[in-house]
Amino acid sequence: MSDSGLGFSHNRFIGLIVVIGVLVLLFEGISIFGGNIIKAQVERSTSKNHPNKNIEKRLQPAIALSQKEAANNDGLSDDVVDAVVNFVAADSCNQVIEGNDMLQFNLKEMVVSSSCSEITVTLQHTGAMPANVMGHNWVLTNTADFMPVATAGGGAGMANNYVPVNDARVIAASDVIGGGAETSVTFSSDLLSAGGDYTFFCSFPGHYAIMKGSFVVRD
Ligand SMILES: [Cu+2]
């Protein structure tokens, strides 16, 4: 019987080496496999391994809060801020506003400069419905006169574009138009004063409650 010198037979010694080798490989395989599972869990549960991966998501609440705070601090809506930022006095003398088939104007506020001697408002009906069903016009009054004039306009009828005839409370009024049409009205700024409280609206019966906005005259 041959002897390896360690008390084993030569064949048993070789066999032992092979078994140890296999166990080492197996253990390493399990370690890598287990390691990958843990790594994947870490990646899923935290963004530690990818600092930039979810950075927008993690910053979002802070940004949303600061925007809200800014809006609250200056007390102005985003629309007003946009209007002020984009305001050009000369350009403001020509206003364009759209009405659609869903009883909406595309503007909640219009801002003109007190330096305009005349103001032209162009109304575009971007819908498809006819004037007798979904007609729109653009009427301007002092805010205090808005409701009474809108009500009186309903009684004036389509023949008068739903605007009371010879009514001094009406600062400006366009024709009633249907889908795809466009109309405009030009009026003097003599009846306007900077800082005055004006409301524009559509006087088609039932529309003024939704189709209205504030008309601002700036110095
Ligand atoms: Cu309308």
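Scroll up a little and you will see the structure.
About the thresholds
Residues numbered from 1 in each chain as written. Predicted model: local features only at pLDDT ≥ 70, side-chain atom pairs only at ≥ 80, totals over all residues. Heavy atoms only, no water. Donors = N, O, S within 2.8 Å, 3.2 Å for Na, K, Ca; no water. Helix = DSSP H or I, 4+ residues; strand = E, 2+ residues; numbered from the N terminus. Buried < 20%, exposed > 50% of the residue type's maximum accessible area, 1.4 Å probe, protein only. Phe/Tyr/Trp six-rings, centres within 6.5 Å; stacked < 30°, edge-to-face > 60°. Salt bridge = Lys/Arg side-chain N within 4 Å of Asp/Glu carboxyl O. Pairing = 2+ DSSP bridges. Contact = heavy atoms within 4.5 Å. Polar contact = N/O pair within 3.5 Å; in protein donor to acceptor, adjacent residues only side chain to side chain. Core = buried A, V, L, I, M, F, W, Y, C linked by side-chain atoms within 4.5 Å. Disulfide = S-S within 2.5 Å.

A. Quick peek at the coordination of the copper ion. Donor atoms from the polypeptide that coordinate the copper ion comprise His136 (ND1), Cys202 (SG) and His207 (ND1), at 2.0 to 2.1 Å from the metal. In terms of primary sequence, the donors binding the copper ion are separated according to H-x65-C-x4-H. Residue His136 is found in the loop between helix H4 (131-134) and strand E4 (139-142), and its partner Cys202 is found in the loop between strand E7 (198-201) and strand E8 (212-218); the two are separated by 66 residues along the sequence. Using a relative accessible area of 0% as the deciding quantity, one classes Cys202 as buried.

B. Structural context of the packing of aromatic side chains. Within the structure shown, the criterion is met by eight aromatic pairs. Ring geometry for Phe187 versus Phe215: centroids 6.4 Å apart, planes at 50 degrees, classification tilted. One end of the pair, Phe187, is in strand E6 (residues 182-188); the other, Phe215, is in strand E8, and 28 residues separate them in sequence. Phe215 matches Phe187 in its accessibility class, with the two residues each being buried. Here a set of aromatic residues connected by ring pairs shows up, and it is made of Phe105, Trp138, Phe187, Phe200 and Phe215.

C. View of the pattern of salt bridges. On inspection of all chains with the given rule, the structure shows one salt bridge. We note a salt bridge from Asp167 to Arg169, for which the minimum N-O separation is 2.8 Å. The class of Asp167 is buried, set by a relative accessible area of 17%. Owing to a relative accessible area of 31%, Arg169 belongs among the partly exposed residues under this scheme.

D. Structural view of the pairing of strand E3 (residues 118-125). Burial of E3 is extensive: six of the eight residues sit out of reach of the surface. Relative to E3, strand E1 (residues 94-99) runs parallel, the two being bridged by six bridges. Across the sheet, residue Gln95 finds its bridge partner in E3, namely Val121. Bridge count between E3 and E6: seven bridges; the pairing is antiparallel. Looking at the pairing, Val121 lines up with Val185 of E6.

E. Quick look at the environment of Gly99. Tracing the backbone shows Gly99 in strand E1. For Gly99, the contacting residues outside a window of four places in its chain are Gln104, Phe105, Leu123, Gln124, His125, Thr126, Gly127, His136 and Met211.

F. Structural context of the environment of Ser92. Structurally, Ser92 can be placed in the loop between helix H3 (78-85) and E1. C-alpha of Ser92 to C-alpha of Cys116: the two residues are 24 residues apart in sequence and 7.9 Å apart in space. Excluding residues within four positions of it along the chain, Ser92 makes contact with Phe87, Val111, Val112, Ser113 and Cys116. There is a polar contact of 2.6 Å between the side chain of Ser92 and the backbone oxygen of Ala89.

G. Structural context of the side chain of Ser203. Along the chain, Ser203 turns up in the loop between E7 and E8. Classification of Ser203 as buried rests on a relative accessible area of 2%. Polar side-chain contacts of Ser203 include one of 2.6 Å to the backbone oxygen of Tyr162. Dropping the residues within four chain positions of it, Ser203 is found in contact with Asn137, Val139, Gly154, Asn161, Tyr162 and Val163.

H. Inspection of the nonpolar core at higher detail. Core analysis: the biggest nonpolar cluster contains 29 residues, and Trp138, Leu140, Phe187, Leu192 and Phe215 have the highest contact counts within it. Of all the elements in the fold, those that place two or more residues in this core are strand E2 (109-113), E3, H4, E6, E7 and E8. The contacts of Leu192, once residues within four sequence positions are left out, are Ile119, Leu140, Ile171, Phe187, Tyr198, Phe215 and Val217.

I. Just the sheet that holds E2, in detail. Spatial strand order, E2-E8-E7-E4-E5: five strands in an open sheet with mixed pairing. Every other strand in the sheet has two partners, leaving E2 and strand E5 (172-173) as the edge strands with one partner each. One ladder, built from four bridges, connects E4 with E7; its direction is antiparallel. Bridging across to E7, Asn142 finds its partner in Tyr198.

J. Fine view of the state of the cysteines. A complete count under the given rule lists one disulfide for this structure. Across the disulfide from Cys93 sits Cys116; the S-S distance is 2.0 Å. A torsion of -90 degrees about the S-S bond marks the disulfide between Cys93 and Cys116 as left-handed. With Cys93 in the loop between H3 and E1 and Cys116 in the loop between E2 and E3, this pair connects stretches of sequence that are 23 residues apart. By the burial criterion, Cys93 is buried, and Cys116 matches it.

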